[in-house]
Amino acid sequence: MADDLSELVQRCLAGEPDAQRNFVDQFQQRVFALCYRMLGHRQDAEDAAQESLARAVRHLGRWQSDRPLDPWVLAIAANRCRTALEKRSRRPVTAESLPEPACLDSRTGSELAEELQRAVDQLRPNYRETFILFYQQELSCEEIGQMLGAPDGTIKTWLHRARKELAELLRQRGITPEQNDELHTVARTTRGAD
Amino acid sequence: MNCIQWRERLAERIEQRLPGPPGFAEHAATCGDDHCRQALADAALLEALLPDWRNAVPTVDLTERVLADLAATPPRPKAIVARGVAGAGQKLWLTAAAGVIIAAGVGLLSPERPGTQPTTAAVPSPGDAAGSAVTDRSGLAAAPSPHEIGRRYLAWVEGPGTLVADAVGVVLPTGASRAASESRSAWSSDLMQRLEPAQRGISEALLLLEEQLPAAMHPAT
Ligand SMILES: [Zn+2]
């Protein structure tokens, strides 16, 4: 697998279009998912993912082959998203970009997912990025630490603070295990499984 | 297991994505500590929402867009990339290295060298930040070695370099918290790692230059 990846990288560097297509196919959904979760906007996420993937292919020669490729590619996308978020924070907030009020009476799974995303968007950048990399990209704390240039212990702290703040924000929106049948069931299941 | 130990184990379990051992959650129902109950409620809430959140990402096909982007600006030639030329820090060091090599070349290989004319090389001394010329009237025997020239140049750029590093330090996380301190130390360690290849490159370039010098001009002779 590692050899296949190294070969793919070599072929990309040699400018083989098939290899580049293969590389993009392999990484695009993960890169897009990261951008989508970090930016919370489909069009912006597509643009960021496109630029990140092209940048990754162009700079594959900088990847150290003794390290995993996924975090390296994702780090490029995370950087691109951070830049986009900084630019966005300098723009005035318009009515369009404000979240719609949640319908608390008839929440489906996807509506609850939106609620969680709105809460994620409110986290400070380090917490948000750590949470997304851990739960969306399923990277370990060690891998996230290498990506963000922070020790494991710091990443764990950020992860737990992110979780705590998210739970608090969700409670403020009226979403609690006690008040939602579906969640209540899951909470009971979790206890039962333990 | 007391409440603190229980919450630590819950945190470890979350970090490692592991289920708790049998009966683990019962502690929160029986210990009477609000922190434990809250920790378990938070965990249950997020565990319930995370699967939908993870899956609610649209599927995209960006392949043609990325390939068109790449066709417009193709990857860098491998030979350049393979040398690992990267980053603003490295570029700064490589610029300094180029300066050293050019200065050494001008200073030591100049046709004016052989004894009859004063040797003028653009080598600043450590205290000579303006970089004015150093005139050496003593001829070949006193010619500084490429290493000496390099050392003086590095001493010369050290002052501004320190100022730049201090300025960058201003934008790093401040405060006495453990996280801020760890972040600062991670940054400086990362910077040193990035600069290391460039410093090695300068050393190698100077050694190469020494090898290329005529034997009579070699500092060891
Ligand atoms: Zn307890």
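Throughout, a residue's number is its position along its own chain's written sequence, starting from 1. Each chain gets a letter, beginning with A, and each ligand a number, beginning with 1, in the order they are written. Note on the predicted model: pLDDT of at least 70 is required for a residue's local features to be given, and 80 or more for side-chain atom pairs to be given and counted; whole-chain, interface and lining totals, by contrast, use all residues. For side-chain calculations, the full set of non-hydrogen atoms in the structure is used, while hydrogens and water are omitted.

Enquirer: So what's going on with the overall build of chain B? Residues and values would help.
Expert: A tally of regular secondary structure across chain B gives 8 helices and 2 strands. Put simply, DSSP marks the helices as runs of H or I at least four residues long and the strands as runs of E at least two long, and each gets a number from the N terminus on. Along chain B, from the amino end to the carboxyl end, the secondary structure elements read α-α-α-α-α-α-β-β-α-α. Between two residues, a contact is recorded if the distance between any of their heavy atoms is within 4.5 Å. By sequence separation, contacts in chain B at least 24 residues apart represent 57% of the contacts at least 6 residues apart. By element, 60% of the accessible surface of chain B is carried by carbon and sulfur atoms, the whole surface being about 13000 Å². Using a 1.4 Å probe, the Shrake-Rupley method yields the accessible areas, and only the shown protein chains count as cover for residues.

Enquirer: Lay out the overall build of chain A with the relevant residues and their values.
Expert: For chain A, the helix and strand inventory stands at 9 helices and 0 strands. Along chain A, helices and strands appear, N-terminal first, in the series α-α-α-α-α-α-α-α-α. Taking all contacts inside chain A whose residues are at least 6 apart in sequence as the whole, residues at least 24 apart take part in 63%. When the accessible surface of chain A is split by element, carbon and sulfur atoms take 46% of a total near 9800 Å².

Enquirer: Tell me about the interface of chain A and chain B, residues and numbers included.
Expert: Each partner contributes to the interface: chain A provides 61 residues, whereas chain B provides 52 residues. Buried area: the accessible area, evaluated with a 1.4 Å probe, that two parts lose upon being put together, summed over both parts. With both sides pooled, the region where chain A packs onto chain B buries about 5300 Å², and carbon together with sulfur makes up 60% of that total. In what follows, salt bridge is the name for a side-chain nitrogen of Lys or Arg lying within 4 Å of a carboxyl oxygen of Asp or Glu. Here Lys156 of chain A and Glu15 of chain B are joined by a salt bridge, their closest N and O atoms 3.9 Å apart. Polar contacts, as counted here, are pairs of nitrogen or oxygen atoms within 3.5 Å of one another; within protein the pair requires one atom able to donate a hydrogen and one able to accept it, and residues that are adjacent in sequence qualify only if both atoms are side-chain atoms. Connecting chain A to chain B are 21 residue pairs in polar contact (both at pLDDT 80 or more).

Enquirer: Describe the coordination of the zinc ion, with residues and values.
Expert: All names here are of chain B. Note that water is not among the atoms used; donors are N, O and S atoms within 2.8 Å of the metal (3.2 Å for Na, K and Ca), so sites may look incomplete. The coordination sphere of the zinc ion, as far as protein atoms go, consists of Cys3 (SG), His27 (NE2), Cys31 (SG) and Cys36 (SG), spread over 2.1 to 2.3 Å. Considering all 4 donor atoms around the zinc ion, the spread of angles at the metal, 107 to 115°, places the coordination shape in the tetrahedral class. On the primary sequence, the residues serving as donors to the zinc ion are separated as C-x23-H-x3-C-x4-C. One end of the pair, Cys3, is in helix H1 (residues 3-15); the other, Cys36, is in helix H3 (residues 34-55), and 33 residues separate them in sequence. You'll find Cys3 and Cys36 in the same group, each marked buried. A site with four donors is called tetrahedral when every donor-metal-donor angle falls between 85 and 135 degrees; four donors are called square planar, and six octahedral, when opposite donors sit more than 155 degrees apart and all other angles fall between 65 and 115; any other arrangement is irregular. Think of it in three bands: with a 1.4 Å probe and only protein chains considered, a residue is buried below 20% of the maximum accessible area for its type, exposed above 50%, and partly exposed in between.

Enquirer: Can you break down the nonpolar core residue by residue, with the values?
Expert: To form a nonpolar core, buried Ala, Val, Leu, Ile, Met, Phe, Trp, Tyr and Cys residues must be joined to one another through side-chain atoms within 4.5 Å. Counting residues in hydrophobic clusters, the biggest one holds 81 residues, and the most contacted among them are Phe23, Val31, Leu69 and Leu116 of chain A together with Trp53 of chain B. Per-element tally for this core: the top contributor is helix H2 (residues 17-39) of chain A, with 12 residues.

Enquirer: Report on the confidence of the model for chain B, specifying residues and quantitative values.
Expert: All names here are of chain B. For every residue, the predictor states its confidence as a pLDDT score lying anywhere from 0 to 100. Across chain B, the average pLDDT comes to 63, with 33% of residues at 70 or higher. The element-level mean pLDDT for chain B is lowest in strand E2 (residues 134-136), coming to 35, with H1 highest at 94. Below pLDDT 50 for its whole length, residues 106-142 participates in 54 contacts with residues either more than four positions away or in separate chains. Confidence drops under a pLDDT of 50 for residues 213-221, and excluding neighbours within four residues, the segment shows 16 contacts in the predicted structure.

Enquirer: Before we move on, can you summarise the packing of helix H5 (residues 109-121) of chain A against H3 of chain B with the specific residues and values?
Expert: Relative placement of two packed helices is described by the angle separating their axes and the distance separating the axes. Structural elements are reduced to axes, namely lines fitted to C-alpha atoms, with helices fitted over the stretch in contact, and the angle between N-to-C directions of any two is expressed from 0 to 180 degrees. One can describe the packing of H5 of chain A onto H3 of chain B by two numbers: an axis separation of 8 Å at closest approach and a directional angle of 100°. With respect to H3 of chain B, the element H5 of chain A is oriented roughly perpendicular. Of the residues in H3 of chain B, those in contact with Gly109, Leu112, Ala113, Leu116, Gln117 and Val120 of chain A of H5 of chain A are Leu46, Leu49, Leu50, Asp52 and Trp53 of chain B. Throughout, the ten residues Ala, Val, Leu, Ile, Met, Phe, Trp, Tyr, Cys and Pro are labelled nonpolar, Asp, Glu, Lys and Arg are labelled charged, and all others, Gly among them, are labelled polar. The class makeup of the residues in the contact of H5 of chain A with H3 of chain B is 8 nonpolar, 2 polar and 1 charged. Note on terminology: angles under 35 degrees are roughly parallel, angles over 145 are roughly antiparallel, angles of 65 to 115 are roughly perpendicular, and the others are oblique.

Enquirer: Can you break down unusual backbone geometry residue by residue, with the values?
Expert: At Glu138 of chain A, a position not held by glycine, the phi torsion is positive, near 55°. For Glu138 of chain A, the position within the fold is in the loop between helix H6 (125-135) and helix H7 (141-148).

Enquirer: If you had to explain H7 of chain A to someone new, which residues and values would you point to?
Expert: Residue and element names in this part refer to chain A. Considered for burial, the residues of H7 that qualify are Cys141, Ile144, Gly145 and Met147. Axial view of H7: buried residues confined to an arc of 165°, hence all on one face. In this structure, the buried side of H7 is in contact with helix H4 (69-89), H6 and helix H8 (152-172). The reported arc concerns the directions from the helix axis to the C-beta atoms and nothing else.

Enquirer: Could you give an account of the packing of aromatic side chains, with specific residues and numbers?
Expert: Residue and element names in this part refer to chain B. The criterion for an aromatic pair is that two Phe, Tyr or Trp rings (for Trp, the six-membered ring) have centres within 6.5 Å, with stacked assigned to planes under 30 degrees apart, edge-to-face to planes over 60 apart and tilted to the rest. Applying the stated criterion to the full structure yields 6 aromatic pairs over all chains. Look at Trp6 and Phe24: their rings are 5.2 Å apart centre to centre, the planes differ by 25°, and that puts the pair in the stacked class. Of the two residues, Trp6 sits in helix H1 while Phe24 sits in the loop between H1 and helix H2 (26-30), which places them 18 residues apart along the sequence. Accessibility classification places Trp6 together with Phe24 in one group, the buried group.

Enquirer: I'd love a proper account of the side chain of Glu15 of chain B, names of residues and values included.
Expert: Residue placement: Glu15 of chain B occurs in helix H1. In terms of polar contacts, Glu15 of chain B uses its side chain to reach the side chain of His160 of chain A, at 2.7 Å.

Enquirer: An account of the pattern of salt bridges is requested, with residue identities and associated values reported.
Expert: Residue and element names in this part refer to chain A. In this structure the tally under the stated criterion is 21 salt bridges over all chains. Two residues, Glu51 and Arg80, come together in a salt bridge whose shortest N-O distance is 2.5 Å. Taken together, the residues span a long stretch of sequence, with Glu51 in helix H3 (residues 42-58) and Arg80 in helix H4 at a distance of 29 residues. Using a relative accessible area of 36% as the deciding quantity, one classes Glu51 as partly exposed. Relative accessible area serves as the criterion here: at 23%, Arg80 is assigned to the partly exposed category.

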